[in-house]
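Residues per chain, in single letters:
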Amino acid sequence: MRIIKSHEITEKVKKICIEANIYLGEDVVNTINKSLEIEESPLGKNILNTLLENTKIAKEKNIPICQDTGMAVFFVKLGQGVIVEGDTIEDAINEGVRQGYEEGYLRKSVVDPITRLNTKDNTPAIIHYEIVKGDKIVIEFAPKGFGSENMSKLKMLKPSDGIDGIKKFIIETVSEAGPNPCPPIVVGVGIGGTVDKCAQIAKKALFRNIGSYNDDVNIANLEKELLTEINKLGIGPQGLGGNTTALSVHVETFPTHIAGLPVVVNINCHASRHKKAMI
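The model shown is predicted, which means the values in this text are computed figures rather than measured ones.

The rules behind the values
- Residues numbered from 1 in each chain as written.
- Predicted model: local features only at pLDDT ≥ 70, side-chain atom pairs only at ≥ 80, totals over all residues.
- Heavy atoms only, no water.
- Helix = DSSP H or I, 4+ residues; strand = E, 2+ residues; numbered from the N terminus.
- Expected span 1.5 Å × (residues − 1).
- Buried < 20%, exposed > 50% of the residue type's maximum accessible area, 1.4 Å probe, protein only.
- Contact = heavy atoms within 4.5 Å.
- Axes fitted to C-alpha atoms, helices over the stretch in contact; angles between N-to-C directions.
- Parallel < 35°, antiparallel > 145°, perpendicular 65-115°, else oblique.
- Left-handed = near helix turned anticlockwise from the far one by under 90°.
- Nonpolar A, V, L, I, M, F, W, Y, C, P; charged D, E, K, R; others polar.
- Pairing = 2+ DSSP bridges.
- 1 Å grid on protein atoms, 1.4 Å probe; cavity = no way out; pocket = protein on both sides within 12 Å on 5 of 7 lines; lining within 4 Å.
- Points joined across faces, edges and corners; volume = space filled by probe spheres on them.

1. Overview of helix α2 (residues 26–38)
Spanning 13 residues, α2 covers 19 Å between terminal C-alpha atoms, matching the ideal 18 Å at 1.5 Å per step. Of the positions making up α2, those classed as buried are Asp27, Val28, Val29, Thr31, Ile32, Ser35 and Leu36. Looking at the packing, one finds that the buried side of α2 touches α3 (42–61) and β8 (246–254).

If you want it as structure tokens, here you go:
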């Protein structure tokens, strides 16, 4: 067994909360640069250049990429050989969020759903756990903005709707979202499981690097097909027209019940912010 002090977790979480909000990953920057080469709209090109300039300014001035510094979402792999000493792992992560958002001067956006009173420290975080072999903790973090989150959808399709029904729902969801999620977007898709599992894997899909594909060749081909069709919609950068509506489509699947076909589309803006830490 390996003992990990809870304050070590807190420090790691604080660090990645700040870094994810300031430094956009090279996977995103590289994909936007590639999109510049094929974007046909002059206005679209101008917007993509502005997004890259914004990224550069954030890095140089050490300020957030976007004023919406998101709700803190974590996927945590906890080695079964680890004992967390001190606070619970959940308390340690939330303390890291609290400190990170305070010390990083990040906007606190979390409120009670009914009273709308702000919790004033951007907690509680959304934390998904996976128990794995080993004696390490891997923490993945993404600050999820809600301009794009609000455009996400769930649909319980009939099994008879099949793959055509899945494609139709995904493309319609992106089309209806229009300019609201600040395109170019990243589209996370969950297919299968139950309602909660489907939403979880759609969210997890957004943690993948832009331009990566599912290991299943059939799902990878579906991702490529969907990206092509979505970019034919003409929504374009910031919804002002063009052929760069999405940067990437990530699809994850999970076995489901014989009577069901749940599909969740979880949309992210171009600032696909995520960081990983290992202890």
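2. Section: the packing of helix α1 (residues 6–22) against helix α4 (residues 89–103)
At a minimum axis separation of 7 Å, α1 and α4 run at an interaxial angle of 40°. It follows that α1 is oblique to α4 by the angle criterion. Viewed along their axes, α1 and α4 form a crossing whose handedness is right-handed. Contact residues: Ser6, Ile9, Thr10, Glu11, Val13, Lys14, Cys17, Ile18 and Asn21 in α1; Ile89, Ala92, Ile93, Glu95, Gly96, Val97, Gln99, Gly100, Tyr101 and Glu103 in α4. For the contact of α1 with α4, the class distribution of residues is nine nonpolar, six polar and four charged.

3. Focus on the environment of Gly81
Here Gly81 is to be found in the loop between β2 (71–79) and β3 (82–85). By relative accessible area, which is 14% here, Gly81 ends up buried. Residues Gly81 and Tyr105, 24 residues apart in the sequence, show an inter-C-alpha distance of 36 Å. Discounting chain neighbours no more than four positions away, the residues touching Gly81 are Met1, Arg2, Gly134 and Asp135.

4. With respect to the sheet that holds strand β5 (residues 137–144)
Strand order across the open sheet formed by four strands is β4-β2-β5-β10, with mixed pairing between neighbours. Strands with a single pairing partner mark the edges of an open sheet, and in this sheet they are β4 (126–132) and β10 (275–278). For this sheet, the mean angle separating the axes of adjacent strands, direction not counted, is 15°. One ladder, built from four bridges, connects β5 with β10; its direction is antiparallel.

5. As for empty space enclosed by the protein
Enumeration according to the criterion identifies one cavity of 30 Å³ or more in this entry. Residue lining of the largest cavity: Ala142, Pro143, Lys144, Lys203, Leu206, Phe207, Asn268, Ser272, Arg273 and His274, and that is the complete set. Top contributing element to the lining of the largest cavity by residue count: β5, with three residues. Of the residues assigned to the lining of the largest cavity, the class counts are four nonpolar, three polar and three charged.

6. Quick notes on α1
Across its 17 residues, α1 extends 25 Å between first and last C-alpha, which sits within 8% of the 24 Å expected from 1.5 Å per residue. Taken together, the buried positions of α1 are Ser6, Ile9, Thr10, Val13, Lys14, Ile16, Cys17, Ala20, Asn21 and Ile22.

7. Observations regarding the sheet that holds strand β6 (residues 153–157)
Here four strands make up an open sheet; going across it, the order is β6-β9-β7-β8 and the pairing mixed. Two strands close off the open sheet at either side, each with one partner strand: β6 and β8. This sheet shows a mean twist of 15° between the axes of neighbouring strands, independent of strand direction. Where strand β7 (residues 185–192) lies against β8, eight bridges are found, and the strand directions are parallel.

8. Quick notes on the side chain of Lys167
Looking at the element boundaries, Lys167 is found in helix α6 (residues 162–177). Sequence-distant contacts of Lys167, that is, excluding residues within four places in its chain, are made with Leu222, Glu225 and Leu226.

9. Quick word on unusual backbone geometry
Look at the link from Thr123 to Pro124: it is a cis peptide, with omega at 5°. Checked against the element boundaries, Pro124 lands in the loop between α4 and β4. Put simply, Pro183 and Pro184 share a cis peptide bond, and its omega is 15°. Looking at the secondary structure, you find Pro184 in the loop between α6 and β7. Not every positive phi belongs to a glycine, and Tyr105 is a case in point at roughly 55°. You can see Tyr105 is positioned in the loop between α4 and β4. Given the relative accessible area of 72%, Tyr105 is considered exposed.

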